[in-house]
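# Coordinate analysis (summary)
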Amino acid sequence: DTAVSQTPKYLVTQMGNDKSIKCEQNLGHDTMYWYKQDSKKFLKIMFSYNNKELIINETVPNRFSPKSPDKAHLNLHINSLELGDSAVYFCASKGPGSPEQYFGPGTRLTVT
Amino acid sequence: AQRVTQPEKLLSVFKGAPVELKCNYSYSGSPELFWYVQYSRQRLQLLLRHISRESIKGFTADLNKGETSFHLKKPFAQEEDSAMYYCALSPREGGGNKLTFGTGTQLKVEL
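As a further point, take the state of the cysteines. Residue and element names in this part refer to chain A. The final tally for this structure, using the stated rule, is two disulfides over all chains. With a sulfur-sulfur separation of 1.9 Å, C23 is cross-linked through a disulfide to C91. Across the disulfide from C23 to C91, rotation about the S-S bond amounts to roughly -75°, and the bridge is consequently left-handed. Of the two residues, C23 is situated in strand 3 (residues 19–25) and C91 in strand 9 (residues 87–94); the sequence distance between them amounts to 68 residues. Taken individually, C23 and C91 each receive the classification buried, so the pair is uniform in this respect.

Okay, here's the thing in structure tokens:
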């Protein structure tokens, strides 16, 4: 009964490909996030959705497109992958009234 | 704009020694401060938050508004404390509860 899950865990792909990472939470939270952790372990927010609506969109290339089909899911689609996209992507969720964010296990993306 | 600074990329201490992981922040409003920990190959998890004033796994952190700091301390380091520690800031109101993380400090506890 994992709270926040991501698939896949590892993703190795070539430059120029399009790929998606999926995130699901079973905590009943209404806010979900995507973070990117680079090779230096620097963690930066990319997007946030609240009740399926985009509320945070940091300076991220428009090759990245989040999609939230419902409150429990927030997927990340990446077009035309580049070498610099190689990183660990973390999904997180948060419930109303509490600032604590619960993180998924991460998806390690390697672009070759 | 909100900003979190962790000046040490790596901190190495011996088992039983005191630990202090530094965190400074800048934010014009009223912030909430957190410490998150990431053990090797595990997900990020909340260690503690300043408003709860708890001690978790022997760690404490006090918010010093005058120095805009939120340093993490533990009197006696244990081997299992070895991990990556992130200080994070969130606005108290608005901003979508956006968490801004510091660059992280890798704590290594040696025997």
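Following the structure, the description resumes.
What follows deals with the interface of chain B and chain A. Taken residue by residue, the interface counts 19 residues in chain B and 23 residues in chain A. Taking both partners together, chain B and chain A bury about 1800 Å²; carbon and sulfur atoms supply 56% of that area. Class assignment of the residues belonging to the side of chain B that touches chain A gives a composition of eight nonpolar, six polar and five charged.

According to the stated counting rule, one finds seven salt bridges over all chains in the structure shown. A salt bridge links K22 of chain B to E20 of chain B; the nearest nitrogen and oxygen atoms lie 3.2 Å apart. Note on E20 of chain B: relative accessible area 29%, which makes it partly exposed. We note a salt bridge from E20 of chain B to K73 of chain B, for which the minimum N-O separation is 3.7 Å. With E20 of chain B in strand 3 (residues 19–21) and K73 of chain B in strand 8 (residues 72–74), this pair connects stretches of sequence that are 53 residues apart. One network of salt bridges, in which partners are shared, links R63, E82 and D85 of chain A.

Moving on to the layout of surface pockets. If you add up the space inside the largest pocket, you get close to 440 Å³. Residue lining of the largest pocket: 20 residues in total, with R108 of chain A together with Q38, S40, R41 and Q42 of chain B positioned closest to the centre. Secondary-structure elements contributing two or more residues to the lining of the largest pocket are strand 9 and strand 11 (107–111) of chain A together with strand 9 (83–91) of chain B. Residues belonging to the lining of the largest pocket are distributed by class as follows: seven nonpolar, eight polar and five charged.

Quick look at the sheet that holds strand 1 (residues 4–7) of chain A now. Pairing between the strands of a sheet comes from backbone hydrogen bonds, and it takes one of two forms, parallel or antiparallel. Residue and element names in this part refer to chain A. Spatially, four strands are ordered 1-3-8-7 in an open sheet, and the strand pairing comes out antiparallel. Both edges of this open sheet fall to strand 1 and strand 7 (64–70), since each of them pairs with a single strand only. Averaged over all adjacent pairs, the angle separating strand axes in this sheet is 20°, with direction ignored.

Bringing the packing of aromatic side chains into the picture now. All names here are of chain B. One pass over the full model with this rule turns up 11 aromatic pairs over all chains. Between Y36 and F101, the aromatic rings sit 5.7 Å apart at their centres with planes inclined by 65°, giving edge-to-face as the arrangement. Taken as a pair, Y36 in strand 5 (residues 31–38) and F101 in strand 10 (residues 100–101) lie far apart in primary sequence, 65 residues in all. Relative to Y85, the ring of F59 lies with its centre 5.6 Å away and its plane at 45°, an arrangement referred to as tilted.

Counting 24 residues, the largest nonpolar core has W35, L47, L48, F70, L72 and Y85 of chain B as the members making the most contacts within it. Elements with a minimum of two residues in this core: strand 2 (10–14), strand 3, strand 5, strand 6 (45–49), strand 9 and strand 11 (105–110) of chain B. Broken down by element, this core gets its largest block of residues, four residues, from strand 9 of chain B. If near-sequence neighbours (up to four positions away) are discounted, Y85 of chain B is found in contact with Q6, L21, W35, Y36, V37, L47, F59, L72, G104, T105 and L107 of chain B. Judged by nonpolar contacts, the second largest core, of 19 residues, contains V4, W34, F64 and C91 of chain A.

What follows is about unusual backbone geometry. Between T7 of chain A and P8 of chain A the backbone carries a cis peptide bond, its omega angle lying at -5°. Within the element layout of this structure, P8 of chain A appears in the loop between strand 1 and strand 2 (10–13). Even without being a glycine, R41 of chain B presents a positive backbone phi close to 60°. For R41 of chain B, the location among the structural elements is in the loop between strand 5 and strand 6. For R41 of chain B, a relative accessible area of 77% translates into the label exposed.

Thresholds applied
- Residues numbered from 1 in each chain as written.
- Chains lettered and ligands numbered in written order.
- Predicted model: local features only at pLDDT ≥ 70, side-chain atom pairs only at ≥ 80, totals over all residues.
- Heavy atoms only, no water.
- Disulfide = S-S within 2.5 Å.
- Helix = DSSP H or I, 4+ residues; strand = E, 2+ residues; numbered from the N terminus.
- Buried < 20%, exposed > 50% of the residue type's maximum accessible area, 1.4 Å probe, protein only.
- Contact = heavy atoms within 4.5 Å.
- Buried area = accessible area lost by both parts, 1.4 Å probe.
- Nonpolar A, V, L, I, M, F, W, Y, C, P; charged D, E, K, R; others polar.
- Salt bridge = Lys/Arg side-chain N within 4 Å of Asp/Glu carboxyl O.
- 1 Å grid on protein atoms, 1.4 Å probe; cavity = no way out; pocket = protein on both sides within 12 Å on 5 of 7 lines; lining within 4 Å.
- Points joined across faces, edges and corners; volume = space filled by probe spheres on them.
- Pairing = 2+ DSSP bridges.
- Axes fitted to C-alpha atoms, helices over the stretch in contact; angles between N-to-C directions.
- Phe/Tyr/Trp six-rings, centres within 6.5 Å; stacked < 30°, edge-to-face > 60°.
- Core = buried A, V, L, I, M, F, W, Y, C linked by side-chain atoms within 4.5 Å.

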